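# What the coordinates show
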Amino acid sequence: MTGKRRQPNSADVQIGESIRAHRLIVGISQRDIDGRFGVSFQQIQKYEKGRNRVGAGRLPQIARIFGIPISALFDANADTSPGKSAGAAPVKLIPDRNTLKLLTSFGDIGHSKIRHSLVGLVDAIAKSTPKTPR
């Protein structure tokens, strides 16, 4: 057996995105997580970006911290408001706290015309501003 490390694959990237989304949903920092199971916040960043694989032994620990079943880490959608009926969002759409806040606030708007107007406003702003890399 060689000492070659396996490179992360698309499943590892998906799990990393899910970890980030769930961490943002519960409102804890990468440092909060590192203190709970002894890896650096830099390692958490690598997990979230899909650069490093998350070991099978870490998955239950991470799920326990977030209060979710392990299977939720493999799901492409995340429940944006646990305990509410706001629904789920694709984890790729939850890259930061502001996006999460926008999604949950939008979900709380009951008036369909207002929601439609907001979509038009955000779309117009997005089309009129230059794209910048994240």
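Remember, it's a predicted structure, so these values are computed and weren't measured experimentally. (Residues numbered from 1 in each chain as written. Predicted model: local features only at pLDDT ≥ 70, side-chain atom pairs only at ≥ 80, totals over all residues. Heavy atoms only, no water.)

## A word on the overall build of the chain
Which entries qualify depends on this criterion: Helix and strand assignments follow DSSP, with helices taken as H or I runs no shorter than four residues and strands as E runs no shorter than two, numbered in order from the N terminus. Each residue is assigned to one of three classes by its accessible area relative to the maximum for its type, calculated with a 1.4 Å probe on protein chains only: buried under 20%, partly exposed between the two thresholds, exposed over 50%. Whether two residues are in contact is decided by their heavy atoms, any of which lying within 4.5 Å being enough.
A count of helical and extended segments in the chain gives six helices and two strands. In the chain, the succession of α and β elements from N to C terminus is α-α-α-α-β-β-α-α. Every one of the 134 residues in the chain was classed for burial, and the buried ones make up 31%. In the chain, 54% of the contacts between residues at least 6 apart in sequence involve partners at least 24 apart.

## Describing a nonpolar patch on the surface
In plain terms, the rule: Residues with no salt bridge and a relative accessible area higher than 30% make up the patches, which join like charges within 9 Å and nonpolar side chains (Val, Leu, Ile, Met, Phe, Trp, Tyr) within 5 Å. Every accessible area reported is derived by Shrake-Rupley at a probe size of 1.4 Å, with residue values counting cover from the shown protein chains alone. For this document, the term salt bridge refers to a Lys or Arg side-chain nitrogen within 4 Å of an Asp or Glu carboxyl oxygen.
Where nonpolar side chains cluster on the molecular surface, the patch consists of Ile114, Leu118, Leu121 and Ile125 and spans about 340 Å² of accessible area. With respect to the secondary-structure elements, Leu121 resides in helix 6 (residues 112-128). Residue classification places Leu121 among the partly exposed positions, given a relative accessible area of 48%.

## Brief notes about the pattern of salt bridges
All told, the structure shown has four salt bridges when counted by the stated rule. Here Glu48 makes a salt bridge to Arg20, at a shortest N to O gap of 3.1 Å. One end of the pair, Glu48, is in helix 3 (residues 41-49); the other, Arg20, is in helix 1 (residues 10-26), and 28 residues separate them in sequence. A salt bridge links Lys127 to Asp123, with the nearest nitrogen and oxygen atoms 3.1 Å apart. Residue Lys127 and its partner Asp123 are both found in helix 6; the two are separated by four residues, about one turn of the helix.

## What about helix 2 (residues 30-37)?
The condition that has to hold: What the arc describes is the spread of directions from the helix axis to the C-beta atoms.
Among the residues of helix 2, Gln30, Ile33, Asp34 and Phe37 are the ones counted as buried. Taken around the axis of helix 2, the buried residues stretch over an arc of 100°, which confines them to a single face. When the buried face of helix 2 is taken as reference, the exposed residues oriented beyond 90 degrees from it are Arg31, Gly35 and Arg36. Buried residues belonging to helix 2 abut helix 1, helix 3 and helix 4 (58-66).

## Structural notes on the side chain of Ser18
Note the following rule: Counting of polar contacts relies on pairs of N or O atoms within 3.5 Å, with two restrictions inside protein: one atom must be capable of donating a hydrogen and the other of accepting it, and residues adjacent in sequence are counted only when both atoms are side-chain atoms.
For Ser18, the position within the fold is in helix 1. Only 3.4 Å separates the side chain of Ser18 from the backbone oxygen of Leu73, close enough to count as a polar contact. Look past the residues within four positions of Ser18 in its chain and what remains in contact with it is Ala72, Leu73, Asp75 and Val91.

## Some remarks on the side chain of His22
For His22, the location among the structural elements is in helix 1. For His22, a relative accessible area of 6% translates into the label buried. Look past the residues within four positions of His22 in its chain and what remains in contact with it is Phe66, Ile68, Ala72, Leu73 and Ala78.

## A look at the confidence of the model for the chain
Just so we agree on the cut-off: For every residue, the predictor states its confidence as a pLDDT score lying anywhere from 0 to 100.
Predicted confidence across the chain gives a mean pLDDT of 83, with 89% of residues reaching 70 or more. Taken element by element, the chain is modelled with least confidence in strand 2 (residues 88-90), mean pLDDT 71, and with most confidence in helix 6, mean pLDDT 91.

## Details of helix 1
Worth spelling out the cut-off: Helix span is expected to be 1.5 Å times the residue number reduced by one.
For helix 1, spanning 17 residues, the distance from its first C-alpha to its last is 24 Å, which sits close to the expected 24 Å at 1.5 Å a residue. Most of helix 1 sits inside the fold, with 12 of its 17 residues counted as buried. Buried within helix 1 are the following residues: Asp12, Gln14, Ile15, Gly16, Glu17, Ser18, Ile19, Ala21, His22, Arg23, Leu24 and Ile25. Tucked inside the fold, the buried residues of helix 1 contact helix 2, helix 3, helix 4, strand 1 (77-79) and helix 5 (97-108). The distance from a side-chain oxygen at the start of helix 1 to the backbone nitrogen of Ala11 is 2.9 Å, and the residue carrying that oxygen is Asn9. Just past helix 1, the residue Gly27 takes up positive phi, approximately 75°.

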